[in-house]
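# Structural overview
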Amino acid sequence: MIHCFACAGAPPVKRLHARSCIMVQRQHIEKTFCTTREAAQMLGVSLRTAQLWTESGLLDAWKTAGGHRRISRHSINSLLSKTAFPPLPGTFSSALQGRVAERGDPLNILVVEEDSELRQLYQVNLEGWSMRPEVCVAANVYEGLILMGITRPDLLVADLRLPAQAGFHMLRAVREMPELAGLSIVAVSGLSSDEITALGGLPDGISVLPKPLRFGQLLDIAERVVASRRAVNRSAW
């Protein structure tokens, strides 16, 4: 129950004022959180993207007794203040829409890599493939999760040696999300299989490629992802 201390003990003639104070306090509390749909509208993203960011911990949220998710407005404002959603390939730009219409439905690849020179190397090599994929790059897990929600990648390539084992944490969290069940994942690492196991291991279904990366190996995986998508599309006809 919410109490208006300024009106406590007030005579009956002032009860209306007391009720008004209670309503003001309730409105203030309600403004500190919002629904997932409201969060999506505030952030200018789809409902699915807002759900993804919530499940990944990018937005602070909890569930009511009735099972409804509520999101902290403070975390939304914090995300808006820190992030300028970039006009990268995979965002909803008119230029991208034109390329997709011209090329059909290109493979969408997201690379999470801390080293700026390696990010550039990924982008140059992957965009030179004959399948002409859409390539987005992120410098850290934070950017990766944001772009994951916006670009909806088919293939995620992530460096395991991100600070504080962030690469491990991200891949484990992504693999647990039902919305990303169809996402193909490649972890790139200089660690041996024993070292990866000692750090908690990786979920099933994640391919691990050694460093230095041979882009031909990554291309083989990308081609299998494309073939799998075509098979799914044919079965749906």
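Rules and cut-offs
Residues numbered from 1 in each chain as written. Predicted model: local features only at pLDDT ≥ 70, side-chain atom pairs only at ≥ 80, totals over all residues. Heavy atoms only, no water. Helix = DSSP H or I, 4+ residues; strand = E, 2+ residues; numbered from the N terminus. Expected span 1.5 Å × (residues − 1). Buried < 20%, exposed > 50% of the residue type's maximum accessible area, 1.4 Å probe, protein only. Arc of directions from axis to C-beta. Polar contact = N/O pair within 3.5 Å; in protein donor to acceptor, adjacent residues only side chain to side chain. Core = buried A, V, L, I, M, F, W, Y, C linked by side-chain atoms within 4.5 Å. Contact = heavy atoms within 4.5 Å.

## So, helix α6 (residues 116-127)
Taking 1.5 Å per residue as the helical rise, α6 with its 12 residues ought to reach 16 Å, and the 17 Å between its terminal C-alpha atoms agrees with that figure. Taken residue by residue, α6 has Arg 119, Tyr 122 and Leu 126 as its buried positions. All buried residues of α6 fall inside an arc of 60° around its axis, so they share one side. Those residues of α6 that are exposed and aimed more than 90 degrees away from the buried face are Glu 117, Gln 120 and Val 124. Here α6 starts with a cap whose side-chain oxygen sits 2.9 Å from the backbone nitrogen of Glu 117, and that cap is Asp 115.

## With respect to the nonpolar core
If you look at the biggest cluster of nonpolar residues, it comprises 39 residues, and the most contacted ones within it are Trp 53, Leu 110, Val 112, Met 148, Leu 156, Met 170 and Leu 171. When residues in this core are grouped by element, the largest group, 6 residues, is from helix α7 (residues 141-151). Among all residues touching Leu 171, those that are not within four sequence positions of it are Leu 156, Ala 158, Leu 160, Ile 185, Ala 187, Leu 202, Pro 203 and Ile 206. Among the nonpolar cores identified, the runner-up in size contains 20 residues, and Val 111, Trp 129, Val 188 and Ile 221 belong to it.

## With respect to the environment of Arg 175
Position of Arg 175 among the secondary structure elements: in helix α8 (residues 166-175). Separated by 27 residues in the primary sequence, Arg 175 and Leu 202 place their C-alpha atoms 9.4 Å from one another. Every residue in contact with Arg 175, bar those within four places of it in the chain, is listed here: Leu 180, Ala 181, Leu 183, Ile 185, Pro 203, Asp 204, Gly 205 and Ile 206.

These values are about where atoms sit, not about what they do.
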